[in-house]
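Here's the letter readout for the chains.
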Amino acid sequence: CPLFVGMRVRLNAKLSAKHGLVHDAPGEVVGFQFDPRENLAWQQPDHEASKIGHVVCRYLPRAVYVRFDKLELDSGFGNGIVAVEPVSNGWTFKTHERQTNLRKPVPVAMQRRQLPLAPEKVRTVQTAQGLSMDACTMYLNKPGIMKGTQGEEDYWMHLYVMLSRVRSHKNILA
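Calculation criteria
Residues numbered from 1 in each chain as written. Predicted model: local features only at pLDDT ≥ 70, side-chain atom pairs only at ≥ 80, totals over all residues. Heavy atoms only, no water. Helix = DSSP H or I, 4+ residues; strand = E, 2+ residues; numbered from the N terminus. Rg over C-alpha atoms; globule rule 2.2 N^0.38 Å. Contact = heavy atoms within 4.5 Å. Areas by Shrake-Rupley, 256 points an atom, 1.4 Å probe, with all protein chains shown as cover. Lys, Arg positive; Asp, Glu negative; His and termini not counted. Charge placed at Lys NZ, Arg CZ, Asp CG, Glu CD. Salt bridge = Lys/Arg side-chain N within 4 Å of Asp/Glu carboxyl O. Buried < 20%, exposed > 50% of the residue type's maximum accessible area, 1.4 Å probe, protein only. Pairing = 2+ DSSP bridges. Axes fitted to C-alpha atoms, helices over the stretch in contact; angles between N-to-C directions. Core = buried A, V, L, I, M, F, W, Y, C linked by side-chain atoms within 4.5 Å. Patch = residues over 30% accessible without salt bridge, like charges linked within 9 Å, V, L, I, M, F, W, Y side chains within 5 Å. 1 Å grid on protein atoms, 1.4 Å probe; cavity = no way out; pocket = protein on both sides within 12 Å on 5 of 7 lines; lining within 4 Å. Points joined across faces, edges and corners; volume = space filled by probe spheres on them. Nonpolar A, V, L, I, M, F, W, Y, C, P; charged D, E, K, R; others polar.

Trainee: Could you give an account of the overall build of the chain, with specific residues and numbers?
Mentor: In terms of regular secondary structure, the chain is built from three helices and nine strands. Element order for the chain, N to C, with α for helix and β for strand: β-β-α-β-β-β-β-β-α-β-α-β. Computed over its C-alpha atoms, the radius of gyration of the chain comes to 21 Å, more than 25% above the 16 Å expected for a compact globule of 174 residues. In terms of principal-axis extent, the alpha carbons of the chain reach across some 55 × 50 × 40 Å. Restricting to contacts in the chain with at least 6 residues of sequence separation, those with at least 24 account for 53%. Summed over its atoms, the accessible surface of the chain is roughly 12500 Å², and 53% of this surface lies on carbon and sulfur atoms. A distance of 6 Å separates the average location of the 23 positive side-chain charges in the chain from that of its 16 negative side-chain charges.

This is the structure:
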């Protein structure tokens, strides 16, 4: 997700239920804490990044400072500003060994590290429940985890929730 100062974002994790920093909490990016390995030469006024208006970092930022709407807490960065740090999630991907053509199952440990932020207008099926929208773009492909009989029921419910959120079928791009 490209991020920039002034960008409206939505939180994709629960940081603190007590302070309302939960999934879908909106806010505005106000700054970054870059990885120490990052070459920050682009911050110089004569660097090419100043001309083109953006830079692609080589490393994930250590934190993105976000001023959350309606947050009155000062956690040391200013009123309503929170350092959103990357989170790691692990899972096992089930694939098959391909050397002997025996289709022997092989589990592969996976690890994803990402900032729990998305553009403010982006919604998931789960966060769109109960909302009505003027227009929507949808990706209707069936995920691999929705295989089998139970998966079919989940997939159709998934489709129903997405399609039923938009006020007019003319404003759906699927």
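Here the narrative resumes, following the displayed structure.
Trainee: A description of the pattern of salt bridges should follow, citing residues and the corresponding values.
Mentor: As enumerated under the stated definition, the model contains five salt bridges in all. The partner of arginine 8 in a salt bridge is glutamate 120, and the shortest N-O contact between them spans 3.0 Å. Remark: glutamate 120 occurs in the loop between β7 (117-119) and α2 (125-128) and arginine 8 occurs in strand β1 (residues 8-11); sequence separation between them is 112 residues. Owing to a relative accessible area of 21%, glutamate 120 belongs among the partly exposed residues under this scheme. Taking the shortest distance from any N to any O, the salt bridge between arginine 37 and aspartate 35 comes out at 3.0 Å.

Trainee: Describe the sheet that holds strand β4 (residues 81-84), naming the residues involved and giving the relevant values.
Mentor: By way of backbone hydrogen bonds, the strands of a sheet pair with one another, either parallel or antiparallel. One open sheet accounts for five strands, arranged β4-β3-β2-β1-β7; its pairing is antiparallel. Strand pairing shows two members of the sheet lacking a second neighbour, β4 and β7, which therefore form its edges. Neighbour to neighbour, the strand axes of the sheet diverge by 45 degrees on average, direction disregarded.

Trainee: Could you give me a rundown of the nonpolar core, with the residues and numbers involved?
Mentor: Residues Leu11, Val66, Phe68 and Leu117 are the most contacted members of the largest nonpolar core, which totals 14 residues. No other element matches strand β3 (residues 63-68), which puts three residues into this core. The residues touching leucine 11, leaving out its near neighbours within four places in the chain, are Leu21, Val22, His23, Asp24, Ala25, Phe68, Val84, Pro116 and Leu117. Ranked by size, the runner-up nonpolar core spans seven residues in total, among them Cys136, Met138, Tyr155 and Leu159.

Trainee: So, the pairing of strand β2 (residues 26-33): which residues are in play, and what are the values?
Mentor: One ladder, built from three bridges, connects β1 with β2; its direction is antiparallel. Its bridge partner lying in β2, valine 9 is registered against glycine 27. Direction of pairing for β2 relative to β3: antiparallel, over a ladder of six bridges. Bridging from a neighbouring strand, glutamate 28 pairs with arginine 67 of β3.

Trainee: Please provide a residue-by-residue account of a nonpolar patch on the surface, values included.
Mentor: The grouping of Trp91, Phe93, Val108 and Met110 at the surface amounts to a nonpolar patch, some 340 Å² of accessible area in total. Those elements that place two or more of their residues in the nonpolar patch are β5 (87-96) and β6 (105-114). The topology assignment puts methionine 110 in strand β6. A relative accessible area of 34% places methionine 110 in the partly exposed class.

Trainee: I'd like a rundown of unusual backbone geometry, residues and numbers included.
Mentor: For aspartate 24, which is not glycine, the phi dihedral falls at a positive 85 degrees. The topology assignment puts aspartate 24 in the loop between β1 and β2. Classification of aspartate 24 by relative accessible area gives buried; the value is 17%.

Trainee: Hey, could you go over the layout of surface pockets for me, with residue numbers and the actual values?
Mentor: Taken as a whole, the largest pocket spans an internal volume of roughly 650 Å³. Classifying every residue of the lining of the largest pocket by side-chain character gives 17 nonpolar, four polar and one charged.

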